[in-house]
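Coordinate inspection notes
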Amino acid sequence: MRIRLVATTAAAGALAALTAVPAHAAEYNSALKIRGIQYNAPGSDSNRCSTGNTDEEYLTIKNYSRSTTVNLKGYVVKDAAGNKFTFTASHTLQPGDYVKLRGGNGTDSDAKNVVYRDNCNFMWNNDKDTIYVYKPSGSRADVHSYTESGSDKDGNGYITYHG
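The structure contained in this document is the topic of the report that follows.

With that out of the way, let us pick up the sheet that holds strand β8 (residues 114-116). Strand order across the open sheet formed by 5 strands is β8-β7-β2-β1-β11, with mixed pairing between neighbours. Each end of this open sheet is capped by a strand with a single partner; those strands are β8 and β11 (158-160). Recorded for the sheet is a direction-independent mean angle of 25° between the axes of neighbouring strands. Direction of pairing for strand β2 (residues 58-63) relative to strand β7 (residues 98-102): antiparallel, over a ladder of 5 bridges. Bridging from a neighbouring strand, L59 pairs with L101 of β7.

As structure tokens, this is what we get:
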């Protein structure tokens, strides 16, 4: 009887430890991770290509590797509703380097660490959303969810994930 009690107690402890880890805390085996997101562009939202502010909404993706250069070609970024962007051109990130994936239209630049979605619609919801980054193989590189009230403590529309 005592052995069963120990086994049951150990199993219950293991189950409690597993359920105590929030789902969003999962770490993926990837050098690329979401550093942060400007999910709410400053000012009034306007998706007019000529005068709008969709370029002020951006996702920062960083190469956290200490030794591996990563080519973004084939990586996919999605939101909870299935809106997606695929990096179709080569864009390399050296170890410690980052890229800002911006809305709107513009000229992609390795030197300025920017890639434009060439789409004037906002991708990220202002109240809540989930950000997914997939490797070219289709496996998940990183994922984070946010809520305006729970994740953005200073209310500036920007959230940092992996510092």
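Now for the packing of aromatic side chains. Inspection of the entire model under this criterion finds 4 aromatic pairs. A ring pair is formed by Y58 and Y158, whose centres lie 6.2 Å apart and whose planes are at 40°; its orientation type is tilted. Placement of the pair is Y58 in strand β2 and Y158 in strand β11, with a sequence separation of 100 residues. Judged by relative accessible area, Y58 falls into the buried class, the value being 13%.

Attention shifts here to the pairing of strand β4 (residues 76-79). Pairing geometry for β4 and strand β5 (residues 84-86), over 3 bridges, is antiparallel. Bridge pairing links K78 to K84 in β5. Where β4 hands over to β5, the hairpin turn is made up of 4 residues, of which G82 adopts a positive phi near 95°. Bridging between β4 and strand β9 (residues 128-134) involves 4 bridges; their strand directions are antiparallel. Pairing of K78 across the sheet is with Y132, part of β9.

Parameters and conventions
- Residues numbered from 1 in each chain as written.
- Predicted model: local features only at pLDDT ≥ 70, side-chain atom pairs only at ≥ 80, totals over all residues.
- Heavy atoms only, no water.
- Pairing = 2+ DSSP bridges.
- Helix = DSSP H or I, 4+ residues; strand = E, 2+ residues; numbered from the N terminus.
- Axes fitted to C-alpha atoms, helices over the stretch in contact; angles between N-to-C directions.
- Phe/Tyr/Trp six-rings, centres within 6.5 Å; stacked < 30°, edge-to-face > 60°.
- Buried < 20%, exposed > 50% of the residue type's maximum accessible area, 1.4 Å probe, protein only.

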